[in-house]
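# Summary of structural features
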Amino acid sequence: MAAPRASLCLVVPVWNRGTRGVRGLNRMVAPQGNQRKRRTLVQFLADHFYDVQALREYFLHKQALKVHQENRSVNSIKNRYGPYIAGAFSVLNQGGAVKFQGQEWIRPNGRGHFSLDFLKFQAVPVEAVDASGCTLNYSGLDNLLPLKELQSLWLQRCPHVDDWCLSHLHPLADSLQELSLAGCPCISERGLACLHHFQKLRKLDISDLPSVSNPGLTRILVEEMLPNCEVLGADWAQGLKSAPEEQRRDAAGPVPA
């Protein structure tokens, strides 16, 4: 009697977003001698994806889709509950916080969940929005523009807020009194120049803007543009201190050997 054939088991590699799943996969496909060898995620991807560029483009595409989804229009909510609820929902959905007039701050919990009790504030204007660290972009700002009574807006460390976004904020110029752009990597002098519409601003934070080439000079120009606004951020002499020293070195000429 012939010996029974050994069954062949084909395993499809699947990453379950955890290193435990990756190590479990290695135990299934690796030889017996390598079962105890820990492998990193990069090694796993290198074993199963030969085109690194295609893999990178895939993840970038997935990330772009996620940002687009989080900044989608909330017109359906606006039509049913009004602009205040729609704007608040768009911010809370990204992990931000909102404050209605006369109410406490509303924030998601650690898992990103938030109560829908704010739906009863349909007639109560939103006076403050904290979108710090959110994926808010040009399209997502459309959900905030109907908040005509908005007084405070924090956009700290928002990776997708750029110069175009600042040019898009002008409908809020009649109400906005406090604006924070601290830590936004894509904001430059060009975007800050768009803030000349906001003559009612009383406080503006432009600290830690890596795309601003001369923070000190930029602060001086912004203060002249908004004379009634307190501008926080870079020291007015930042970026200007090295100029006289360089001029003295140039005038002295090369040091003889």
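Per chain, residues are indexed from 1 in the order of the written sequence. Restriction of local features to residues with pLDDT of at least 70 applies here, the model being predicted, together with a cutoff of 80 or more for giving and counting side-chain atom pairs; totals for whole chains, interfaces and linings are based on all residues. Calculation of side-chain values draws on the structure's entire complement of heavy atoms; hydrogens and water are dropped beforehand.

## Some words on the confidence of the model for the protein chain
For every residue, the pLDDT score states the predictor's confidence, bounded by 0 at the bottom and 100 at the top. When the pLDDT values of the protein chain are averaged, the result is 80; 72% of them are 70 or greater. Between residues 3-36, whose pLDDT stays under 50, and residues either more than four places distant or in other chains, the model counts 21 contacts. In what follows, residue pairs with any heavy atoms lying within 4.5 Å of each other are defined as contacts.

## Here's the deal with helix H5 (residues 83-92)
Only protein chains enter the calculation, and the probe is 1.4 Å; a residue is then buried if its accessible area is under 20% of its type maximum, exposed if over 50%, and partly exposed in between. Only DSSP runs of H or I reaching four residues or more are called helices, and only runs of E reaching two or more are called strands; each is numbered from the N terminus. Of all 10 residues in H5, nine are buried; the element is thus mostly enclosed. When we look at burial in H5, the residues that qualify are Tyr84, Ile85, Ala86, Gly87, Ala88, Phe89, Ser90, Val91 and Leu92.

## Focus: the side chain of Asp205
Take Asp205: it is sitting in strand E6 (residues 203-205). Positive: Lys, Arg. Negative: Asp, Glu. His and the chain ends are not part of the count. The salt bridge definition used is simple: a Lys or Arg side-chain nitrogen within 4 Å of an Asp or Glu carboxyl oxygen. Buried and without a salt bridge, Asp205 has Lys203 as its closest oppositely charged side chain, separated by 7.3 Å. Pairs of N or O atoms are called polar contacts if they sit within 3.5 Å, as long as, within protein, a hydrogen donor faces a hydrogen acceptor (for residues adjacent in sequence, only side-chain-to-side-chain pairs). Of note is the side chain of Asp205, whose polar atom sits 2.8 Å from the side chain of Ser207. Not counting the four nearest positions on each side in its chain, Asp205 is found in contact with Leu179, Ser180, Leu181, Ala182, Leu232 and Gly233.

## Some points on the side chain of Thr218
Position of Thr218 relative to the elements: it lies in helix H8 (residues 215-225). Residue Thr218 is classed as buried on the basis of its relative accessible area of 7%. Reaching out from Thr218, the side chain makes a polar contact with the backbone oxygen of Asn214 at a distance of 2.8 Å. Among residues more than four places away in sequence, those in contact with Thr218 are Glu189, Leu192 and Val212.

## Quick word on the packing of aromatic side chains
Side-chain rings of Phe, Tyr and Trp (the six-membered ring for Trp) are treated as a pair once their centres are within 6.5 Å; stacked means planes under 30 degrees apart, edge-to-face means over 60, and tilted covers the remaining angles. Using the criterion set out here, one finds five aromatic pairs in the structure. Consider the rings of Phe89 and Phe114, whose centres lie 6.0 Å apart with planes at 70 degrees: the pair is edge-to-face. With a gap of 25 residues between them, Phe89 in helix H5 and Phe114 in the loop between strand E2 (105-106) and strand E3 (126-130) connect regions that are remote in the sequence. In this structure Phe114 comes out as buried when scored by relative accessible area, which is 19%. When the ring of Trp105 is compared with that of Trp154, the centres are 5.9 Å apart and the planes differ by 55 degrees; the resulting orientation is tilted. Of this pair, Trp105 sits in strand E2 while Trp154 sits in strand E4 (residues 152-154), placing them 49 residues apart in sequence. Residue Trp105 is classed as partly exposed on the basis of its relative accessible area, which comes to 31%. Through a chain of ring-to-ring contacts, the aromatic side chains of Phe89, Phe100, Phe114, Phe118 and Phe121 assemble into a single cluster. Positioned over the ring face of Trp105 is Arg107, at 5.2 Å from the centre of the ring. Counted as over-ring charges are cases with an Arg CZ or a Lys NZ within 6 Å of the ring centre that also lie within 35 degrees of the ring normal.

## Points about H8
Turning to H8, its buried residues number three or more, namely Pro215, Gly216, Thr218, Arg219 and Val222. Seen along its axis, H8 keeps its buried residues to an arc of 160 degrees; they face one direction. Regarding the arc, it is the one traced by the directions from the helix axis to the C-beta atoms.

## Observations regarding the sheet that holds E2
Sheet strands line up and pair through hydrogen bonds in the backbone, either parallel or antiparallel. For two strands to pair, DSSP has to find at least two bridges joining them. Strand order in the open sheet made by the seven strands is E2-E1-E3-E4-E5-E6-E7, with mixed pairing throughout. Whereas interior strands pair on both sides, the edge strands pair on one side only; in this sheet they are E2 and strand E7 (230-232).

## Some details on the pattern of salt bridges
Opposite charge on two side chains permits them to pair, given that their charged atoms come into close proximity. For the structure shown, the criterion picks out three salt bridges. The partner of Glu127 in a salt bridge is Lys99, and the shortest N-O contact between them spans 2.5 Å. Of this pair, Glu127 sits in strand E3 while Lys99 is found in strand E1 (residues 97-100), placing the two residues 28 residues apart along the sequence. Residue classification places Lys99 among the buried residues on the basis of a relative accessible area of 19%. The shortest N-O distance in the salt bridge between Arg107 and Asp130 comes to 3.8 Å. One end of the pair, Arg107, is in the loop between E2 and E3; the other, Asp130, is in strand E3, and 23 residues separate them in sequence. Judged by relative accessible area, Arg107 falls into the partly exposed class, the value being 48%. Take Asp130: its relative accessible area is 17%, and that puts it in the buried class.

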